[in-house]
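As a plain string of letters, each chain reads:
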Amino acid sequence: MTDEPGPAERALYLAAVRGGGRLLPEDLAPADRPTLAALVARGLLTPTATGWTAASPRSLGDRIGLELRTRAVRLLRHAERLPGTLGPLSRAYDEARSPVGGQPAAGSRAVGSAGSPATGSPAVALGGTLGGTVVGAAEVRGRVSELVSECREEVLAAQPGPRPLEGLRMALAQDLSLLRRGCSLRTLYQPVTLADAAVRSQVVLRTGQGAQVRVLAEPYERVLVFDRAVAVIPAAEDHSRAAFLTDPTTVAYLAAQFERDWVRATPAGRHLDPPSVTTVRIGRLLARGLTQRAVATRLGVSERTVAAHISRLRDRYGAHTLFHLGWRLRGEHHD
């Protein structure tokens, strides 16, 4: 029996309600008997000496709601226990895929972007010598998803350049699950990434659950680090392959590089919050070629105030100089 009454049950119950809350034997056709039994089993109809009376659906709703919540709690507890239950199988799987003797294990060979073996590639040698494997784009997503699911402490992510919105949406549920487990998620973006409002909304969904995001307005390399044990880096210029590195020294070096970039980066709050009206006006005047002093005079504010707004704009657009900022603003048609 489903949680909710079906169409036939609803029709018979409504007939009882329209009949003054009572249903008599002579009101029923032979085909109604199974439906009647279902309504009695649900508690929507109560047998009496002369027939049946309609009961309040609210009590049924409360009972089904309690059952569903209880079932949901059981499922959540099962979901929390599942990684531990599958732990021995996961470890056996990882050991089988670990490189042995400088070569990738069976099932972990280097794969090119078309799925064929990538023989003779420098990235294959990299995988062997640094304690890792190289895989193609199709397998990268699955391997990264596994690492996120198995993560127990932290994920470090340096993500330069624009981020595909669809990828962020697909990864949202897994990222939120990671944060709910108490793991740390720190991500570095470039200003261009947060120029897209849809991407900013995805970032806010994560920061609202405890993720930390900073913005670094300078070039840096793409890298993911999981629990300071596994690092993922591009193994081809077109990102068609990725290397999964497990050598402790290599992973520690990449994590330290991330930490240096993290210290230099600025919190993403300025990029996630919309600019104030004054900041927008200052940006438009700068885009017209006015100097800082001229902007202050035009708006009737101090040069220090203008400088503070310019600092926010430079952070938002990743501009290193005032001329660079004006050029960026003109590119967004502020003039």
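Residues numbered from 1 in each chain as written. Predicted model: local features only at pLDDT ≥ 70, side-chain atom pairs only at ≥ 80, totals over all residues. Heavy atoms only, no water.

Undergrad: Looking at this structure, I do not really get the packing of helix α1 (residues 7-18) against helix α2 (residues 33-42). What am I missing?
TA: Any two packed helices are characterised by how steeply their axes cross, that is the angle between the axes, and by the distance between the axes. Contact pair α1 / α2: the axes reach a minimum separation of 9 Å and the direction vectors enclose 80°. With respect to α2, the element α1 is oriented roughly perpendicular. On α2, the residues that touch A8, E9, L12 and Y13 of α1 are T35, L36, A38, L39 and R42. Grouping the amino acids of the contact of α1 with α2 by side-chain chemistry returns 6 nonpolar, 1 polar and 2 charged. (Axes fitted to C-alpha atoms, helices over the stretch in contact; angles between N-to-C directions. Helix = DSSP H or I, 4+ residues; strand = E, 2+ residues; numbered from the N terminus. Parallel < 35°, antiparallel > 145°, perpendicular 65-115°, else oblique. Contact = heavy atoms within 4.5 Å. Nonpolar A, V, L, I, M, F, W, Y, C, P; charged D, E, K, R; others polar.)

Undergrad: Any chance you could explain the side chain of Q190 here in plain terms?
TA: Here Q190 lies in the loop between β6 (184-189) and α8 (197-207). A polar contact is formed between the side chain of Q190 and the backbone nitrogen of G161, at a distance of 2.8 Å. Leaving out residues up to four positions away in the same chain, Q190 has contacts with Q159, P160, G161, V215, L216, E218, P219 and Y220. (Polar contact = N/O pair within 3.5 Å; in protein donor to acceptor, adjacent residues only side chain to side chain.)

Undergrad: Sorry, what's going on with the pattern of salt bridges here?
TA: Between side chains of opposite charge, a pair can form when the charged atoms approach closely. Within this structure, the stated rule accounts for 10 salt bridges. The partner of R206 in a salt bridge is D175, and the shortest N-O contact between them spans 2.8 Å. With a gap of 31 residues between them, R206 in helix α8 and D175 in helix α7 (residues 165-180) connect regions that are remote in the sequence. Overall, R206 belongs to the buried group, its relative accessible area being 7%. Through salt bridges with shared partners, a single ionic network connects E154, R186, R228 and E259. (Salt bridge = Lys/Arg side-chain N within 4 Å of Asp/Glu carboxyl O. Buried < 20%, exposed > 50% of the residue type's maximum accessible area, 1.4 Å probe, protein only.)

Undergrad: In this structure, what is going on with the packing of aromatic side chains? I would like to understand it.
TA: Note on aromatic pairs: each is described by the distance of the centres and the angle between the planes. Tallied over the full model, the rule gives 1 aromatic pair. Pairing F258 with W262 gives two aromatic rings, centres 5.8 Å apart and planes at 25°, and the pair type is stacked. With F258 and W262 both in helix α9 (residues 248-264) and 4 residues apart, this pair spans about one turn of that helix. Using a relative accessible area of 6% as the deciding quantity, one classes W262 as buried. The aromatic ring of W262 is capped on one face by R186, whose charged end is 5.1 Å from the ring centroid. (Phe/Tyr/Trp six-rings, centres within 6.5 Å; stacked < 30°, edge-to-face > 60°. Lys NZ or Arg CZ within 6 Å of the ring centre and 35° of its normal.)

Undergrad: In this structure, what is going on with the packing of helix α11 (residues 277-287) against helix α12 (residues 292-299)? I would like to understand it.
TA: Across the interface, α11 lies against α12 with an axial gap of 10 Å and an inter-helix angle of 130°. In this view, α11 runs oblique relative to α12, as classed from their interaxial angle. Crossing of α11 against α12: the hand is right-handed. Counted together, R281, I282, L285 and L286 of α11 and V295, R298 and L299 of α12 form the full contact between these two elements. Tallied by class, the residues present in the contact of α11 with α12 amount to 5 nonpolar, no polar and 2 charged. (Left-handed = near helix turned anticlockwise from the far one by under 90°.)

Undergrad: Mind showing me how you'd approach the pairing of strand β7 (residues 212-215) here?
TA: Where a strand is regular, its side chains alternate between the two sheet faces. Only one face of β7 is buried: it carries V213 and V215, and the other face, with Q212 and R214, is open. In terms of strand pairing, β6 meets β7 through 4 bridges, oriented parallel. From the neighbouring strand, Y189 faces β7, where its bridge partner is V215. The β-α-β motif built from β6, the intervening α8 and the parallel element β7 has right-handed crossover chirality. Relative to strand β11 (residues 266-267), β7 runs antiparallel, the two sharing 2 bridges. Each bridged residue has a counterpart across the sheet, and for R214 the counterpart in β11 is P267. (Pairing = 2+ DSSP bridges. Right-handed = clockwise from strand over helix to strand, strands pointing away.)

Undergrad: Can you help me understand the environment of H239 in this one?
TA: For H239, the location among the structural elements is in the loop between β9 (230-234) and β10 (241-245). A C-alpha to C-alpha distance of 10.0 Å links H239 and R222, two positions 17 residues apart in sequence. Filtering out sequence-adjacent residues up to four positions away, H239 remains in contact with R222 and P234.

Undergrad: Just checking my understanding: could you explain the pairing of β10 for this structure?
TA: The element β10 is largely enclosed, with a buried count of 5 among its 5 residues. The alternating pattern of β10 places R241, A243 and L245 and A242 and F244 on opposite faces, both of which are buried. Note that β9 and β10 share 4 bridges and pair antiparallel. Directly across from V232, in β10, lies its bridge partner F244.

Undergrad: Explain unusual backbone geometry to me, please; I cannot follow it from the model alone.
TA: Positive phi, close to 55°, is recorded for D227, a residue that is not glycine. Structurally, the position occupied by D227 is in the loop between β8 (223-226) and β9. Overall, D227 belongs to the partly exposed group, its relative accessible area being 23%. Positive phi, normally seen in glycine, also occurs at R228, with a value near 55°. Along the chain, R228 falls in the loop between β8 and β9.

Distances and angles like these do not, on their own, reveal function.
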